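If you want the building blocks of each chain, they are given just below.
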Amino acid sequence: HYSGLEEAVYRNIQACKELAQTTRTAYGPNGMNKMVINHLEKLFVTNDAATILRELEVQHPAAKMLVMASHMQEQEVGDGTNFVLVFAGVLLELAEDLLRMGLSVSEASYIVIEGYEKACKKALEILPDLVCCSAKNLRDTEEVASLLHTSVMSKQYGSEHFLAKLIAQACVSILTDSGHFNVDNIRVCKIVGAGVSASSVLHGMVFKKETEGDVTSVKDAKIAVYSCPFDGMITETKGTVLIKNAEELMNFSKGEENLMDLQVKAIADSGANVVVTGGKVADMALHYANKYNLMLVRLNSKWDLRRLCKTVGATALPRLTPPTLEEMGHCDSVYLSEVGDTQVVVFKHEKEDGAISTILIRGSTDNLMDDIERAVDDGVNTFKVLTRDKRLVPGGGATEIELAKQITSYGETCPGLDQYAIKKFAEAFEAIPRALAENSGVKANEVISKLYAVHQEGNKNVGFDIEAEAAAVKDMLEAGVLDTYLGKSWGIKLATNAAVTVLRVDQIIMAKPSGGPKPPSGKKDWDEDQNE
């Protein structure tokens, strides 16, 4: 029988283990998909840990610590969330074995925490020595595509070559001369129909909209952007007009028409031939836009309006005033196109180095396209990480096994009880190749023993061969299976921090109202006269 405090520690560990087990079977290219139905009853079919965790409502406070660590990895690196969860879960599972060895829980927790922190520090010292190559030229589409394979493969196994090439084209086209890269500048537009192989990249922006007027295509577009409705000005105060005969009525409406005519003519005279508005388009304004050959596009989202302004270099005007040359945007062509049976408006730049690129995703179902979009996001985030740090480490469990081997040796040299925790930390790294092997239907113990044997001979880059029928290993550098150095170092750091934080907790105190009878609720309408 455990005391109350011990029970709390074990319960915390149990909750975290269960959460990690959920995503462990989704790890790697052969990971199983999860069908998640969120609180709004929306269906997600994915093996992306970040999405699974975002849509799950995790109640247990200790398990929430792991979720927060994985969210942090998502924000910092944009990929590797499952690594954080699986690794933290195994650290806690192995810590439980140490806690059961006989010491009091508070003593054992202290030893385990100290050991884990030492081992984490050592792992981050070893990691730079495991770097097998670096990205040479981030403006070379072929090289970038090969570096993005691993990231895309874990979500879309089979389509990784095609998708990595698309993502590479989009990323390279918007990489500035200074090397600055903004993830938000790669847009995704999903249109049902055809197949994944029909997806493409466009330099510019694509909106699932139809044009408002008769003009559907403009070359060498000069664009006026308005954040207000495309309509006549409405006075701030209400006015009453007394009309006595038909002639006055004609003159009244003619005055309004003339005013609208002048406004639209002034916009056309300024040189603009495309008008984008963020509000509704009045019928009369539409008539005059057609008269002066203006192409009209309506965007409901203010975010889309802002991005478009950034793409074409326009300034959004708050009133229907004619734009100056500085306020107008410019792009090579704006046209209405049909993709499948969906009408889209395309703002296209012919030159490669535009501010924004759009990846047009095709697929048979919305769920499939959502999953491809998540793979695209991971690929784009990997490119962003490479612009910060070009170093790469071997994937497929090669880095983990080498770390496990070296940290075990380090544990042997440590005096004191924390050497057990250091060795367990090393053992936790085995969980990654183990998960890859199990999800590929191969005996995990066989794979791990083969990996250790090869690494003992000094082959640091050898990892698990996911495509082989049996338990086989191969050189990951030659196979092109590479992970980013930053992604791995942040993952180790965050997983260790999460595990240590959970181990430091011995009680969960929830601030809830105490029991007892509820106070009587006051009578309704107590202040009203009873006689009424």
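Residues numbered from 1 in each chain as written. Predicted model: local features only at pLDDT ≥ 70, side-chain atom pairs only at ≥ 80, totals over all residues. Heavy atoms only, no water.

(A) The nonpolar core, seen in detail. With 73 residues, the main nonpolar core has Y116, I407, F425 and I492 as its most contacted residues. Sorting elements by how many residues they give to this core places helix α4 (residues 81-99) first, with 13 residues. If near-sequence neighbours (up to four positions away) are discounted, I492 is found in contact with F83, F87, C120, A123, L124, L127, L403, F425 and F429. Core analysis: the next-biggest nonpolar cluster, separate from the first, contains 33 residues, L166, I372, F383 and L392 among them. (Core = buried A, V, L, I, M, F, W, Y, C linked by side-chain atoms within 4.5 Å. Buried < 20%, exposed > 50% of the residue type's maximum accessible area, 1.4 Å probe, protein only. Helix = DSSP H or I, 4+ residues; strand = E, 2+ residues; numbered from the N terminus. Contact = heavy atoms within 4.5 Å.)

(B) Molecular detail of a nonpolar patch on the surface. Taken together, the side chains of V241, I243, L249 and F252 present a nonpolar region at the surface, about 360 Å² in accessible area. Checked against the element boundaries, V241 lands in the loop between β6 (217-226) and α8 (246-269). For V241, a relative accessible area of 52% translates into the label exposed. (Patch = residues over 30% accessible without salt bridge, like charges linked within 9 Å, V, L, I, M, F, W, Y side chains within 5 Å. Areas by Shrake-Rupley, 256 points an atom, 1.4 Å probe, with all protein chains shown as cover. Salt bridge = Lys/Arg side-chain N within 4 Å of Asp/Glu carboxyl O.)

(C) Just helix α7 (residues 160-174), in detail. Here α7 is 15 residues long and its end C-alpha atoms lie 21 Å apart, about the 21 Å a rise of 1.5 Å per residue gives. The element α7 is extensively covered by neighbouring structure, given that eleven of its 15 residues are classed as buried. Tucked into the core, α7 has its buried residues touching α6 (141-153), β4 (186-192), β5 (200-207), β12 (357-363) and α11 (366-388). (Expected span 1.5 Å × (residues − 1).)

(D) Quick peek at the pattern of salt bridges. Applying the stated rule across the entire model yields 28 salt bridges. The residue R187 makes a salt bridge to D184 at a minimum N-O spacing of 3.2 Å. When the shortest N-O distance is used, the salt bridge between D304 and R307 registers 3.8 Å. Here the residue D304 and the residue R307 both occupy positions in helix α10 (residues 302-312), the gap between them amounting to three residues, near one helical turn. Its relative accessible area of 18% is what places R307 among the buried residues. Salt bridges sharing partners connect three or more residues here, namely D48, D79, K155 and D378.

(E) The arrangement of the environment of E114 in detail. Looking at the secondary structure, you find E114 in helix α5 (residues 105-126). Of the residues examined, E114 reaches a relative accessible area of 29% and is grouped as partly exposed.

(F) Highlighting the sheet that holds strand β3 (residues 133-134). Taking strand neighbours across the sheet as the criterion, the three strands line up as β3-β13-β16 in an open arrangement whose pairing is antiparallel. The open sheet terminates on both sides in strands that have one partner only, identified here as β3 and β16 (482-484). Direction of pairing for strand β13 (residues 391-394) relative to β16: antiparallel, over a ladder of three bridges. The residue bridging V393 from the neighbouring strand is D483, located in β16. Along the sheet, helix α17 (residues 485-504) makes contact with β13 and β16, crossing β16 at roughly 65°. (Pairing = 2+ DSSP bridges. Axes fitted to C-alpha atoms, helices over the stretch in contact; angles between N-to-C directions.)

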